[in-house]
Amino acid sequence: MNPNARVKKGLFNRSDTIEWDQVVQIDLPKVFNYFRYCGLDDDISEELASTTFEKAWRARNKYNPEKSAVTTWIITIAKHTLIDYYRTKKTVYPIDMLDEKQESGSQEHNLEEDIQQTEIFEKLKKLLFQLPDRERELVALKYGTGMTNRDIAEFTGLTESNIGTILHRVVSFLRMSLEVKNE
Amino acid sequence: MNDQFLRDYYKFPNQRSIRKVEDGLHLNRKKHKTNRMMLTLKPMTILILVTVLISALLLISPVVRAQVNEWIQQIGGVFILETNEYPGRGSPVQTLPYEQYSLNEVENELPFALGLPQWIPDDFKIISSVKVTRFDDIAISAYIDWKTPSDSIFSLIIQHRLDGENGVLVVGEWSVQERLVNGEPAALILGGWNADTQKWDDNLDVITLSWYHDSQLYTLQGINEDVSVDELIKIAESIR
């Protein structure tokens, strides 16, 4: 069957509109950081991002460009991937373990001047991981995927002003917690 | 709001992980093309295999069903389990014997009335014999088939449960969509289990629509080359 006939039959026309190479370039960093801003390690974030794209490919026939942008659709899949991950593998890292992970971490930028920054990031990762689910998701959507408050409102069903208030409170809490811990 | 520390936390994935995802997608796309070629060579074989597997899976035991109950979703009374686990793994394949009747005589053999489509694509030719399978005291299924222009089989499967229970369709993750048949929800399933790889293969161009009609489970199954989703729903809505 030629592509036109397939489009006429209405089944694969949706998936054919997805430019996968372009989507990977644009959305993989967002998905990867969505997981990182949920407080997950880089290697786990990479693995979950890869799983997300595999699921997206498998679910390509479900994508409806009239309902949402590709990015929003993929972030929705990422969200479900994260829920599956929490359901099956969620572990709470004790502080000591986080410190060990930091020391044995595979950061490429291991220069001396980066050490302090790395320490802050490790603490931030732990704080993000310990946030309540809703707050953590909002931070991940805002800073991980780069969504605007309006996009997040559409995605979560919360109001824009509610999102602004929650994010302001969470960011203040994180900043204060980092400052206290660094003193 | 001073959130620079959060913005600084952002980092790009390394090139290795980007390549891994790209390679995975390229492989899938390549496999997708190959599978489509294979499908045109032997659509009938694959369709029969999928039909048999799905029919067998409808009869999953209550014990197994209880274990997986928490993951089961329901669309219009059709119970569906989406999983990556091949459901036949570790158990022998059971082939059900079937009886054959003409369309006129089959209703006398069944404890339920057969609803038949009042609309079907013009180029589908009905096969005069109806197959009937009986699974102990659990279920009776009737298979009404049409030969299609691509030399495949398009099937209507009507299942009647003798035990009063509902069967569960075990399908691959992300393979189910909800559609409406005469305003009632129905489950549209894309793809099928591949017995060779023991994995769900959504590259198989098989589409299945399941819904309840007159208290029986109705399933329409065909390949995309023969029938579109809209046509599948049109056939389903014409059943009387």
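The following paragraphs examine the structure supplied in this document. Within every chain, residues take consecutive numbers counted from 1 along the sequence as written. Each chain gets a letter, beginning with A, and each ligand a number, beginning with 1, in the order they are written. With pLDDT at 70 or above as the cut-off, local features in this predicted model cover only qualifying residues; side-chain atom pairs require 80 or more to be listed or tallied, and sums for whole chains, interfaces and linings still use all residues. Hydrogens are left out, water is left out, and the side-chain values use all remaining heavy atoms of the structure.

1. Quick word on the overall build of chain A
Thinking step 1. Only runs of H or I of at least four residues qualify as helices and only runs of E of at least two qualify as strands under DSSP, and these elements are numbered from the N terminus. Helix and strand counts for chain A come out as 10 helices and zero strands.
Thinking step 2. Here the term buried applies to any residue with accessible area under 20% of the maximum for its type, exposed to any over 50%, and partly exposed to those in between, with areas from a 1.4 Å probe on protein chains only. When the 183 residues of chain A are sorted by exposure, 47% land in the buried category.
Thinking step 3. Contacts spanning at least 24 positions in sequence make up 68% of the contacts within chain A whose residues lie at least 6 apart. Between two residues, a contact is recorded if the distance between any of their heavy atoms is within 4.5 Å.

2. Comments concerning the overall build of chain B
Thinking step 1. Assigned secondary structure in chain B consists of six helices and 14 strands.
Thinking step 2. Looking at chain B as a whole, 50% of its 240 residues are labelled buried.

3. Here's the deal with the environment of Glu-105 of chain B
Residues and elements named next belong to chain B.
Thinking step 1. Turning to its location among the elements, Glu-105 is positioned in helix H5 (residues 103–109).
Thinking step 2. What makes Glu-105 partly exposed here is its relative accessible area of 38%.
Thinking step 3. Sequence separation between Glu-105 and Ser-129 is 24 residues, and the spatial gap between their C-alpha atoms is 9.8 Å.
Thinking step 4. By the criterion applied in these results, polar contacts are pairs of N or O atoms within 3.5 Å in which, for protein atoms, one can donate a hydrogen and the other can accept it, and in which residues neighboring in sequence qualify only through two side-chain atoms. A polar atom in the side chain of Glu-105 sits 3.0 Å from the backbone nitrogen of Ser-102.

4. Section: helix H4 (residues 42–58) of chain A
Thinking step 1. The end-to-end C-alpha distance of H4 of chain A, which contains 17 residues, comes to 24 Å, matching closely the 24 Å that a straight helix rising 1.5 Å per residue would cover.
Thinking step 2. Buried residues dominate H4 of chain A, accounting for 13 of its 17 residues. Multiply 1.5 Å by the residue count of a helix minus one, and that product is the helix's expected span.

5. Some details on the packing of aromatic side chains
Residues and elements named next belong to chain A.
Thinking step 1. For Phe, Tyr and Trp, rings pair up if their centres lie within 6.5 Å, where Trp contributes its six-membered ring, and each pair is then called stacked (planes under 30 degrees apart), edge-to-face (over 60) or tilted (otherwise). Under the criterion given, the structure shown has 11 aromatic pairs over all chains.
Thinking step 2. Taken together, a centroid distance of 6.1 Å and an interplanar angle of 50° make the contact between Tyr-85 and Tyr-86 tilted.
Thinking step 3. Tyr-85 sits in the buried class, given a relative accessible area of 13%.
Thinking step 4. Residue classification places Tyr-86 among the buried residues on the basis of a relative accessible area of 17%.

6. Some details on the pairing of strand E6 (residues 139–147) of chain B
Residue and element names in this part refer to chain B.
Thinking step 1. Taking burial as the measure, the nine residues of E6 include eight buried ones, the bulk of the element.
Thinking step 2. DSSP calls a pair of strands paired once it identifies at least 2 bridges connecting them. Alignment of strand E4 (residues 125–126) against E6, held across two bridges, turns out to be antiparallel. Paired with Lys-125 across the strands is Lys-147, a residue of E6.
Thinking step 3. Linking strand E5 (residues 129–135) to E6, which pair antiparallel, is a turn of three residues; within it Asp-136 sits at a positive phi near 45°.

7. Remarks on the interface of chain A and chain B
Thinking step 1. Taken together, the contact between chain A and chain B spans 46 residues of the former and 47 residues of the latter.
Thinking step 2. Carbon and sulfur atoms make up 59% of the area that chain A and chain B hide from each other, which totals about 4400 Å².
Thinking step 3. For Asp-42 of chain A, the salt bridge identified is with Lys-11 of chain B, shortest N-O distance 2.5 Å.
Thinking step 4. At the surface where chain A touches chain B, the tally comes to 10 residue pairs in polar contact (both at pLDDT 80 or more).
Thinking step 5. Here the term charged refers only to Asp, Glu, Lys and Arg, the term nonpolar to Ala, Val, Leu, Ile, Met, Phe, Trp, Tyr, Cys and Pro, and the term polar to all other amino acids, Gly among them. Here the residues of the side of chain A that touches chain B sort into 22 nonpolar, nine polar and 15 charged. Throughout, buried area stands for the accessible area (probe radius 1.4 Å) lost by two parts on being put together, summed over both. Each reported salt bridge corresponds to a side-chain nitrogen of Lys or Arg within 4 Å of a carboxyl oxygen of Asp or Glu.

8. Remarks on the packing of helix H3 (residues 20–36) of chain A against H4 of chain A
All names here are of chain A.
Thinking step 1. Interaxial angle, 0 to 180 degrees, is taken between N-to-C directions of lines fitted to C-alpha atoms, where a helix line uses only the stretch in contact. The geometry of H3 relative to H4 is characterised by a closest axis approach of 9 Å and an angle of 135° between their N-to-C directions. Relative to H4, the element H3 is oriented oblique. Considering the relative orientation of H3 and H4, their crossing is right-handed. In this structure, H3 contributes Trp-20, Val-23, Val-24, Asp-27, Leu-28, Val-31, Phe-32, Phe-35 and Arg-36 to the contact, and H4 contributes Asp-42, Ser-45, Glu-46, Leu-48, Ala-49, Thr-52, Phe-53, Ala-56 and Trp-57.
Thinking step 2. Looking at side-chain class alone, the contact of H3 with H4 contains 12 nonpolar, two polar and four charged residues. An angle counts as roughly parallel when it lies under 35 degrees, as roughly antiparallel when it exceeds 145, as roughly perpendicular when it falls between 65 and 115, and as oblique in every other case. For any pair of crossing helices, the crossing counts as left-handed if the nearer helix is rotated counterclockwise from the farther one by less than a right angle, and right-handed if it is rotated clockwise.

9. Thoughts on H3 of chain A
Residues and elements named next belong to chain A.
Thinking step 1. Across its 17 residues, H3 extends 23 Å between first and last C-alpha, which sits within 8% of the 24 Å expected from 1.5 Å per residue.
Thinking step 2. Of all 17 residues making up H3, 12 are buried, and the element is well covered by its neighbours.
Thinking step 3. Every buried residue of H3 is accounted for by Trp-20, Val-23, Val-24, Asp-27, Leu-28, Pro-29, Val-31, Phe-32, Asn-33, Tyr-34, Phe-35 and Arg-36.

10. Some points on the nonpolar core
Thinking step 1. Joining through side-chain atoms within 4.5 Å is the link that ties buried Ala, Val, Leu, Ile, Met, Phe, Trp, Tyr and Cys residues into a set, and such a set is a nonpolar core. Counting residues in hydrophobic clusters, the biggest one holds 58 residues, and the most contacted among them are Phe-35, Trp-73, Leu-128, Val-139 and Leu-174 of chain A together with Leu-6 of chain B.
Thinking step 2. Looking at which element gives the most residues to this core, the answer is helix H5 (residues 70–89) of chain A, with nine residues.
Thinking step 3. With near-sequence residues (within four places) excluded, Trp-73 of chain A lies in contact with Ile-18, Trp-20, Ala-56, Ala-59, Arg-60, Tyr-63 and Ser-68 of chain A.
Thinking step 4. The next biggest cluster of nonpolar side chains, apart from the first, holds 31 residues, and it includes Phe-124, Val-132, Ala-142 and Leu-232 of chain B.

11. Comments concerning the sheet that holds strand E2 (residues 78–82) of chain B
Residues and elements named next belong to chain B.
Thinking step 1. Strands sit in the order E1-E2-E8 across an open sheet of three strands; the sheet is mixed. The sheet is open, and its two edges are formed by strand E1 (72–75) and strand E8 (168–171), each paired on a single side. Within the sheet, the average angular offset between the axes of one strand and its neighbour, ignoring direction, is 35°.

The values are spatial; any link to function lies outside them.
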